[in-house]
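# Fold and geometry: a report
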Amino acid sequence: MRIAVLTSGGDSAGMNPAVRAVVKAGITKGCEVYVIREGYEGLVRGNTAPPRPHRKVHRNLPAERLAHFGDDSLLKNLSFGDGPALREGAGDAEEDEQESGTLKGRHIVRVGWDDVRGWMGEGGTFIGSARSAAFRTPEGRLAAAHNLIKEGIDGLVVCGGDGSLTGADRLRAEWPDLVKQLLSSNQITQDQATTYAHLKISGLVGSIDNDMALTDMTIGAPTALHRICEAIDNINSTAASHSRAFVVEVMGRHCGWLALMAGVSAGADYVFIPEQPPKSQPWEEEMCEVIRRHREVGKRKTIVIVAEGAHDRDLNPIKADKVKDVLTEVLKLDTRVTTLGHTQRGGRPVAMDRILPTLQGIDAVNALLEATPDQPSYMIGIHENKILRIPLVDAVKQTQAVAAAIEARDFATAMSLRDPEFEQ
Ligand code: ADP
């Protein structure tokens, strides 16, 4: 079997270990493994140039190690000087030409065992991630299907957030029709149409937000949470020294998991999350009452965490600056705002973001190898410490149901969809 792996949507720590696991598990099981650069954008663009015979080899790599790699090898083409950017023919100015952040010519590249060596502890995604408008169009998905068939790939692992997995599910659902279209326009042969009648897909959830339904944890969330905790620990010392209040805005889109868990880990005074807005409307007095009480029992510092998607019961956004104004004006606290921004995304994956993608990456490959045409595509999740396969379509549907419940101001449903054991 020929399998390919891509990373898509917002990057997260743990994507590199996920790609590493898929590559190594695939090779172990006898597959030919490819990586697709720049997410779906690379899949739509495909390979428009033949594999280039390799001309330049990085000085630091001993010749005996390079002997293991094919001409199309990633490692042969890594540009170590600039960090681990993947560049075919790195060092040749004319070959380094880029187009909207992606390399022209080749996006689907065969990889070997050693190509992913050392990727376990590296943040972000070396094979690149992108948001692809083209893949949202029928023409883009037709081009993507054509490129997969041209390269002889019949199994795809997608590591990304709910958007990317929605896209994967769409590609799978449309696949028979796409094959028909390619056949009727003579872009593929009848033999190819028969051989590639089914595309097998496995989804890995790479998202710092931990916002995917039906799985306990997403790849990247533990690292992001760790970064937030470190930042709040740093803030704590200055807050306590000056008896200040800090309002910390954290990521998470429509999901409050990062904010809530950071609140628990850092001993925050108050947390705003999208799924469970403050009970009273307006919310200001409810928050001030809690913080006033904490101050009265001798607390010298105040930490309020605001999820980026936080809002009140009427869905009016609650922003960090507004919270700061309330703390300053009502409680007369010397208050500062810290927006953690992209520091939450980056950096080395914590241990959990190495273990989880490794176990899930292996199962993603097993799921492709075991897939039958009548089975759904699976998202590889984790529940109560067990790696599980969940029909991709169910996970995507339930994730969308949470957003819809919030939109409808049905916060009880939003919380119970996130956590069935949650009691209001
Ligand atoms: P994430 O995967 O982190 O949630 P996005 O929502 O931006 O990030 O999705 C990443 C990419 O997945 C998009 O740029 C697009 O190419 C693809 N995608 C998302 N939703 C769909 C969809 N409904 N149909 C087809 N492709 C989609």
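Quantities reported herein were computed from a predicted structural model and do not represent experimental measurements. (Residues numbered from 1 in each chain as written. Predicted model: local features only at pLDDT ≥ 70, side-chain atom pairs only at ≥ 80, totals over all residues.)

### Some thoughts on the UniProt feature "active site" (unreviewed entry) in the chain
Condition: UniProt positions are given in the numbering used here, feature names are shortened, and annotations may be inferred rather than shown by experiment. Runs of E in the DSSP output that reach at least two residues are strands. Runs of H or I that reach at least four are helices, and both are numbered from the N terminus. In this description, any two residues whose backbone-derived C-beta atoms lie within 7 Å of each other are considered to be in contact.
The UniProt feature table records "active site" (unreviewed entry) at Asp209. If you trace the backbone, Asp209 turns up in the loop between strand 9 (200–207) and strand 10 (219–220). Dropping the residues within four chain positions of it, Asp209 is found in contact with Ala221, Met251, Gly252, Arg253, Cys255, Trp257 and Leu258.

### Points about the nonpolar core
Operational definition: To form a nonpolar core, buried Ala, Val, Leu, Ile, Met, Phe, Trp, Tyr and Cys residues must be joined through C-beta atoms within 7 Å. To assign burial, the other C-beta atoms lying within 10 Å of each residue's own C-beta are counted, with C-beta atoms placed from the backbone; 20 or more indicates buried, 12 or fewer indicates exposed, and intermediate counts indicate partly exposed.
By size, the foremost hydrophobic cluster in this structure holds 69 residues, and its most contacted members are Ala4, Val19 and Val22. The dominant element in this core, judged by the number of residues it contributes, is helix 1 (residues 15–28), at seven residues. Ignoring sequence-local partners within four residues, the contact set of Val22 consists of Val5, Val33, Val157, Gly361, Ala364 and Val365. By size, the runner-up hydrophobic cluster in this structure holds 41 residues, among which are Met261, Ile273, Val306 and Val326.

### Quick word on the site of the ligand
What counts here: In this entry, near means the residue's backbone-placed C-beta atom lies within 6 Å of the molecule or strand. Residues were grouped as follows: Ala, Val, Leu, Ile, Met, Phe, Trp, Tyr, Cys and Pro as nonpolar; Asp, Glu, Lys and Arg as charged; and all remaining residues, including Gly, as polar.
Every one of the 17 residues lining the ligand counts as a neighbour, but Gly9, Gly161, Gly163, Ser164 and Gly167 are closest to it. Ranked by the residues each element gives to the shell around the ligand, the list is headed by helix 5 (residues 162–184), at six residues. Looking at the shell around the ligand, its residues break down into two nonpolar, eleven polar and four charged.

### Points about unusual backbone geometry
Here the amide bond leading from Gln281 into Pro282 is cis, since omega sits at 0°, within 30 degrees of zero. Structurally, Pro282 can be placed in the loop between strand 12 (270–272) and helix 9 (284–296). We note that Asn210 has phi near 50°; this positive angle belongs to a residue other than glycine. Take Asn210: it is sitting in the loop between strand 9 and strand 10. Classification of Asn210 as buried rests on a count of 24 C-beta atoms within 10 Å.

### With respect to the packing of helix 1 against helix 11 (residues 352–370)
Note the threshold: Think of each axis as a best-fit line through the C-alpha atoms, taken over the contacting stretch in the case of a helix, with angles from 0 to 180 degrees between the N-to-C directions. Take the far helix as your reference; a near helix turned counterclockwise from it by less than a right angle gives a left-handed crossing, and one turned clockwise gives a right-handed crossing.
Where helix 1 contacts helix 11, the axes come no closer than 8 Å and their chain directions differ by 35°. Like other packed secondary-structure pairs, helix 1 and helix 11 cross with a definite hand, here right-handed. Counted together, Pro17, Ala18, Ala21, Val22, Ala25 and Gly26 of helix 1 and Asp353, Arg354, Pro357, Thr358, Gln360, Gly361, Ile362, Ala364 and Val365 of helix 11 form the full contact between these two elements. Partitioning the contact of helix 1 with helix 11 into residue classes produces nine nonpolar, four polar and two charged.

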